[in-house]
Protein chains: 2
Amino acid sequence: MSRWPLPEPMKCALDQARAGESAGEVPIGAVVVKDGVVIAAAHNAPRTRSDPTAHAEVLAIRAAAQALGNERLDGCELWVTLEPCAMCAGAISHARIARLYYAAPDPKGGAVDHGARVFQHEQCLHAPEVYAGMGEDEAAELLRGFFKARR
Amino acid sequence: MSRWPLPEPMKCALDQARAGESAGEVPIGAVVVKDGVVIAAAHNAPRTRSDPTAHAEVLAIRAAAQALGNERLDGCELWVTLEPCAMCAGAISHARIARLYYAAPDPKGGAVDHGARVFQHEQCLHAPEVYAGMGEDEAAELLRGFFKARR
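Worth saying up front: this structure is predicted, and the values here are computed from it rather than measured.

1. Focus: helix 5 (residues 136-149) of chain B
Residue and element names in this part refer to chain B.
So, point 1. Helix length check: helix 5 (14 residues) gives 20 Å between terminal C-alpha atoms against 20 Å at 1.5 Å per residue, within 8%.
So, point 2. Taken together, the buried positions of helix 5 are A139, A140, L142, L143 and F146. End-on view of helix 5: buried residues confined to an arc of 155°, all on one side of the axis. For helix 5, the exposed residues set more than 90 degrees away from the buried face come down to D137, R144, K148 and A149.

2. Focus on the relation of the copies chain A and chain B
So, point 1. Relative to chain B, chain A is turned by 180° and slid 0.0 Å along the rotation axis, the superposed coordinates differing by an RMSD of 0.0 Å. What the superposition gives is, in effect, a two-fold axis relating one chain to the other. Taking C-alpha positions as reference, the residue of chain A nearest the rotation axis is M87 of chain A, located at 1.9 Å.
So, point 2. Of all interface residues in chain A, 100% are interface residues in chain B too; the two copies therefore contact each other through one and the same surface.

3. Some details on the pairing of strand 3 (residues 77-82) of chain A
All names here are of chain A.
So, point 1. Counted residue by residue, strand 3 has six buried out of six residues, so it is predominantly covered.
So, point 2. In terms of strand pairing, strand 3 meets strand 4 (residues 99-104) through five bridges, oriented parallel. Counted as the bridge partner of W79 is Y101 from strand 4.
So, point 3. In this view, the connection linking strand 3 to its parallel neighbour strand 4 by way of helix 4 (residues 86-94) has right-handed handedness.

4. Focus on the sheet that holds strand 2 (residues 37-43) of chain A
All names here are of chain A.
So, point 1. With mixed pairing, five strands are arranged side by side in an open sheet as 2-1-3-4-5. A strand with exactly one partner marks an edge of an open sheet, and here the two such strands are strand 2 and strand 5 (129-132). Each adjacent strand pair in this sheet contributes to an overall mean axis angle of 15°, direction not counted.
So, point 2. Where helix 1 (residues 8-22) meets the sheet, its contacts fall on strand 1 (29-34), strand 2, strand 3 and strand 4, and the angle it forms with strand 1 comes to roughly 145°.
So, point 3. On top of the sheet, helix 3 (residues 56-68) reaches strand 1, strand 2 and strand 3; it is set at about 140° to strand 2, its chief contact.

5. Structural notes on the UniProt feature "active site" (unreviewed entry) in chain A
So, point 1. Annotation from UniProt places "active site" (unreviewed entry) at E57 of chain A.
So, point 2. Relative to the helices and strands, E57 of chain A resides in helix 3.

6. Things to note about the packing of aromatic side chains
Residue and element names in this part refer to chain A.
So, point 1. Here the structure, examined in full by the defined rule, presents six aromatic pairs over all chains.
So, point 2. Arranged with centres 3.9 Å apart and planes meeting at 10°, the rings of W79 and Y101 form a pair that is stacked. With W79 in strand 3 and Y101 in strand 4, this pair connects stretches of sequence that are 22 residues apart.
So, point 3. These aromatic residues form a ring-pair network of at least three members: W79, Y101 and Y131.

7. A closer look at the side chain of E25 of chain A
Residues and elements named next belong to chain A.
So, point 1. Considering the arrangement of structural elements, one finds E25 in the loop between helix 1 and strand 1.
So, point 2. Buried charge E25 goes without a salt bridge, the closest partner of opposite sign being R47 at 4.5 Å.
So, point 3. From its side chain, E25 meets the backbone nitrogen of R47 in a polar contact 3.1 Å long.
So, point 4. A polar atom in the side chain of E25 sits 2.7 Å from the side chain of T48.
So, point 5. Residues contacting E25, with those up to four places away along its chain left out, are G20, N44, A45, P46, R47, T48 and F146.

Rules used throughout
Residues numbered from 1 in each chain as written. Chains lettered and ligands numbered in written order. Predicted model: local features only at pLDDT ≥ 70, side-chain atom pairs only at ≥ 80, totals over all residues. Heavy atoms only, no water. Helix = DSSP H or I, 4+ residues; strand = E, 2+ residues; numbered from the N terminus. Expected span 1.5 Å × (residues − 1). Buried < 20%, exposed > 50% of the residue type's maximum accessible area, 1.4 Å probe, protein only. Arc of directions from axis to C-beta. Least-squares fit on C-alpha atoms with pLDDT ≥ 70 in both. Contact = heavy atoms within 4.5 Å. Pairing = 2+ DSSP bridges. Right-handed = clockwise from strand over helix to strand, strands pointing away. Axes fitted to C-alpha atoms, helices over the stretch in contact; angles between N-to-C directions. UniProt positions renumbered as here; feature names shortened; annotations may be inferred. Phe/Tyr/Trp six-rings, centres within 6.5 Å; stacked < 30°, edge-to-face > 60°. Lys, Arg positive; Asp, Glu negative; His and termini not counted. Salt bridge = Lys/Arg side-chain N within 4 Å of Asp/Glu carboxyl O. Polar contact = N/O pair within 3.5 Å; in protein donor to acceptor, adjacent residues only side chain to side chain.

Written as structure tokens, this is what we have:
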């Protein structure tokens, strides 16, 4: 079976996830795209940074906001290898991300299509369009390999 | 009517909120307490920092984790002047904050006792004890004054 090739931003997010694994972090990667160009990329780094908020999405959003000199990333896309948690979904909303693409679902910790479903409450002042599944196999395999090696 | 005096950490969080207002930010303040000592304090700063994640809680948690050299703030308390949003509730959970004290409820943006209720899903791996209401009048008056002045 042949498949459509993955879009470049998701390939880039997967590369970030691999870089995270090399750094001893859970392999999750994210990029922010503006007008078709990746303007920020990051991987999970809470251990190496001693920062519980250093998830790939938060780091990519912070870097993109710094690059643009604006707390709002209007019109930007976030591509990430795993369904965001509540913290990251909240950050996505505050940043006014227009479109969210995530690869693998996360029934145990996700808060977009599981659990808190952060975007589905009136208290959420901005919800992005959400597209899930592109790169799911690659993203999930990275996570399985990581946790298997540590068992 | 006489009232019990506010606990020192909430007074300190309110001072942070006032400092935020002086800086042109929404007046919300937070402190992290370990063994009865304030180890980090911050106010909202998304505009001045061009960082959509720069809520008082996130900044205080990040500073405390840096100070301790550990992504987990086991046994620590977070005191904040407003009910945390989904992003901040998620950060509180990731940081393993033991006890959360918030002053004013936030029906429009809160995610602890409103909306996403982040701590009330099985996807939330750690939930703090939550105590609400101490300092509510002071915290709410600060916010009312801020928004009234900008209308």
